[in-house]
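# Overview (structure and organization)
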Amino acid sequence: MYKQTRWCLDDLYLSPDSPEFQLALNQIEEKLQRLENLRPRLTSELTEEDFLEIIRRYEDLIRLLSRVINYGFLLLSQDVRSRHAQECWGRVQQIAAQAERRTLFLNLWWKVLDEKQSEELTEAAADYKYWLATIRLQKPFSLSEIEEKIITLKDASGTKGLLKLYEVITGRYMFNLVIAGEKREFTRHELNDYVRDPHPDVRANAYKEYLRVFECDAPILGQIYQSRVRDWWSENVQLRGYASPITVRNLINDLTDDAVDVLLETCRDNVSLFRRYFQLKARSMGMGRLRRYDLYAPVTRQEKWYPFEEAVQLVVESFHQFDPAFADFARSVLQDHHLDSEVREGKRPGAFCVSVEPGLTPWISMSYEGDVEDVATLARELGRAVHYSLAAHHTAFTQKPSRMLSEVASSFCEMLTIDHLIAVDDDQETRKALLYKRMDNAYAAIMRQANFVMFEQTAHDQIQDGASVDDLNEIYFACLRDQFSYSIDLSDDFRYEWLGISTLYHLPFYAYAYAFGRLLVLSLYHQYQMEGDPFKSRFRRILAAGGADSPAEIMNRAGMDISSQAVWQAGFDALATDLEELEEIEGLRSRDNG
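As the structure is a prediction and not an experimental result, all values here were calculated from the model. (Residues numbered from 1 in each chain as written. Predicted model: local features only at pLDDT ≥ 70, side-chain atom pairs only at ≥ 80, totals over all residues. Heavy atoms only, no water.)

## Looking at the pattern of salt bridges
Keep this limit in mind: When a carboxyl oxygen of Asp or Glu lies within 4 Å of a side-chain nitrogen of Lys or Arg, that pair is called a salt bridge. Secondary structure is summarised from DSSP: a helix means a run of H or I of at least four residues, a strand means a run of E of at least two, and numbering begins at the N terminus for each. Each residue is placed in one exposure class: buried if its accessible area under a 1.4 Å probe, protein chains only, is under 20% of its type's maximum, exposed if it is over 50%, and partly exposed if it falls in between.
In the structure shown here, the tally under the stated rule is 48 salt bridges. Glu357 is the salt-bridge partner of Arg63, the closest N and O atoms lying 2.8 Å from each other. A residue pair is termed long-range when its members are at least 10 positions apart, and Arg63 in helix α2 (residues 48–78) and Glu357 in the loop between β5 (352–354) and β6 (363–365) qualify at 294 residues. A salt bridge links Glu342 to Arg344, with the shortest nitrogen-to-oxygen separation between them at 3.1 Å. For Glu342, a relative accessible area of 24% puts it in the partly exposed group. Given the relative accessible area of 18%, Arg344 is considered buried.

## Considering the pairing of strand β2 (residues 182–186)
Put simply, the test is: In this description, strands pair whenever DSSP reports at least two bridges between them.
As judged from the 5 bridges shared by strand β1 (residues 175–179) and β2, these two strands associate in the antiparallel manner. Bridging from a neighbouring strand, Phe175 pairs with Phe186 of β2.

## Side note on the packing of aromatic side chains
So the rule is basically this: Pairs were defined over the aromatic rings of Phe, Tyr and Trp, the Trp ring being its six-membered one, requiring ring centres within 6.5 Å. Orientation was assigned from the angle between planes: stacked under 30 degrees, edge-to-face over 60, tilted for the rest. Only Lys NZ and Arg CZ are tested; either one counts as a charge over a ring when it is within 6 Å of the ring centre and within 35 degrees of the ring normal.
The tally for this structure, following the rule as stated, stands at 50 aromatic pairs. When the centroid spacing of 3.9 Å and the interplanar angle of 25° are considered together, the rings of Tyr166 and Tyr505 count as stacked. With Tyr166 in helix α8 (residues 159–171) and Tyr505 in helix α22 (residues 502–506), this pair connects stretches of sequence that are 339 residues apart. For Tyr505, a relative accessible area of 0% gives the class buried. Centre to centre, the rings of Tyr293 and Phe494 are 5.6 Å apart; their planes meet at 45°, and the pair counts as tilted. In this pair, Tyr293 sits in the loop between β3 (290–291) and α15 (308–322) while Phe494 sits in the loop between β7 (488–489) and α22, placing the two residues 201 residues apart along the sequence. Like Phe494, Tyr293 is buried. The cationic tip of Arg196 hangs over the ring face of Tyr296; the distance from NZ or CZ to the ring centre is 4.6 Å.

## Some details on unusual backbone geometry
Most peptide bonds take the trans form, and the phi angle of most residues other than glycine is negative. A positive phi angle, close to 50°, is found at Ala126, a residue other than glycine. By relative accessible area, which is 57% here, Ala126 ends up exposed. A positive phi angle, near 65°, is found at Phe509, a position not held by glycine. For Phe509, the location among the structural elements is in the loop between α22 and α23 (512–531). What makes Phe509 buried here is its relative accessible area of 1%.

## Regarding empty space enclosed by the protein
Formally: Space inside and on the surface of the protein is sampled on a 1 Å grid over the protein atoms alone, with a cavity defined as a set of points where a 1.4 Å probe fits but cannot get out and a pocket as an open set with protein on both sides within 12 Å along at least 5 of 7 lines; lining residues have an atom within 4 Å of a point. Grid points are joined across faces, edges and corners, and a volume is the space filled by probe spheres set on the points. Amino acids are sorted into nonpolar (Ala, Val, Leu, Ile, Met, Phe, Trp, Tyr, Cys and Pro), charged (Asp, Glu, Lys and Arg) and polar (every other residue, Gly among them).
As enumerated under the stated definition, the model contains 3 cavities of 30 Å³ or more in all. Within this model, the largest cavity holds a volume of roughly 170 Å³. Among the elements of the structure, α17 (372–390), α18 (408–424), α19 (428–445) and α23 are those that each provide at least two residues to the lining of the largest cavity. Sort the elements by how many residues they give to the lining of the largest cavity and α19 lands first, with 5 residues. Across the lining of the largest cavity, the residue classes break down as 8 nonpolar, 1 polar and 5 charged. Each pocket or cavity is described by its volume, and for the second largest cavity that value is around 80 Å³. In terms of lining, the second largest cavity is formed by 10 residues, of which the most central are Glu303, Lys304, Val372, Thr430 and Ala433. Counting residues per element, the lining of the second largest cavity draws most heavily on α19, which supplies 4 residues. Split by residue class, the lining of the second largest cavity holds 5 nonpolar, 2 polar and 3 charged.

Structure representation (C-alpha cells):
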C-alpha cells in the first residue's frame, strides 16, 4: 500500500538546528582547510599516490557539501514560505559559494598542467578519468588564476545580479483571468493550467494575459537579456577565444559544433511533420486552423483519473516488465519515504528528482492530482531515480549523467508506462488522448526547444551589431513564422513570448539538450520495440555509465553515432509512426504532408 505523503529528510538531517547538521557545517570548514593545506604539493613532482589522495579528499568535501546543500534545497522545496527553511537555504548557499572560491585553485591547476604530467596522472585516476578530462577541455580557453578570480567576482556582483533581478521582476508577476464569470488573480505557475483548458476562450485569454504582462516590461527584460548576451560574448568569445557563442555550450556538453549543427539541421528538415500534426489536430477539433493559443488544447473531453496507489502500481508494473531491477529501484524511493507527492500550499511547483550522493536513494518532488499527465510525471521522475541508482557505483563526480543523457531514462520510462497504460486500457478514446499528448509533448521538447536555439543564434549575433529590443521581438516572431508556416494562425502578441523563457537568460543555448534527449529516446525506444529482450542489456549499460564517459562514447558503445543525421531522423520517423496511427484513428489522412 503506497500512500500519498510528503517525503522524510531524516536520512540527511533531522533539522537545521540538529547537532548533526551543525557538525557537518564545521566539518566542511575543516575539510576545506585540509585541502588548502595540500596546495603546495601541486608541483611537477606530484606522485600518483599524492594526486589520488588530493582528489579523494576533494570528493569527500564535495559529498558533504552536496548533503548540506541539497538538504537546504529540499527543506525549502517542501515549503518555500518557511522562514526557517529560507534561512537554512541562504546559509548553505553562502557556504557553497565560499567553498567554490577556495577550491578554485585545484581546478585551475589541473587545467594548465602540462600534457605529459596530466596524461600520467589521468591514467592512474580510475573512475575519475572522464571528470578530469572534462576539466581539461576548458584548458585552451582558461585565463590566469587572478583573471579567473576577477571573472568569478564579476559574475557574482554583475551577471548573477542581473539574472536575480530578472527572477525577482518576473517572479512578482500576477495575472488576471476571468473564470466562470469571476475575475481571479493567478501566479505564472497557476496560469499555465489554463493554456491547456478545454475552452478556447479560456486558453486564448490565458495566453493574452501572460503575453500582455511580459510586453509591459519588454524594455526592461529585453535590456537585461542584451546585457547578458554582451557579457557572454565579451567573456567567452573575446577573452577566452571560443569560436562562437554556442561553442561554449557545446564544449560544456562535450559535443562538437558539427554534431549540434546536424541535430538542429535535422530538426529544420522535419518541421513539416509537426505542421502536418497541427493540421490533423485542427480537423479533429473541428477547426479550419489552430490558433497558437490552441497548440496544447486537449482533443478529447474524456479524462481518466488514477488514484495514487493505482498510478504507482501502473508505473512499477511497466518498469518490472522491462527490467525487474528498474521496479526495485522505483520501490526503494517509496519505501524510503523519499517521494513528496502531496498537493499543498507553499510547496515548490513542478517536479524534480535529486540525487544527493552515490548510494543514497534519490528524493523526488511532484504534486500528484491524478490525471494521466501526473502518471507520466511519476514515471519520468522515478525513471531519473533508476538512472541515478544504476550509476551509484561511480564517484560523486561521475555518477550523474551528462546534461545530454539526463533525459534518457526519464523519457524512456515515461514511454514504458504510457504504452503499458494503453495496453491495459482498451478504450479507443483513451488511446487517442494519450497519442495526442505524446505528440504535444514531443513538439514542446523537440521543435519548440530547437527553435529557441535558432532564435538565440541570430539574437547573439545581432545584439553585437546593435539590435534593439524591438529588433529582438521581430527576430523571435520571424522564427515562429518559419516554424509554423501555414499550419498555425500566429497572432502578433507572441513576438513577446521569448521574454518569459528564463532558460535563454540563465543558460544560453541550453535548450537543444531537450531536443537531443527526446529524439535520442525515441530512437532507442524504437530499437526496443524492434529487438525486444536483446536491447535491454544495452540500455542498462547506457544508464549504468552515468557520467563516467562522454555522451558520444557512451552511445557509440551502444551502436549509435550521435554525430550522424540518421540517429535524429530515426527519432522523427518514430514520431511519424505515431502520427500515422492518429490519422488512422481519426479516419483522416493528411493530404498535405509537406
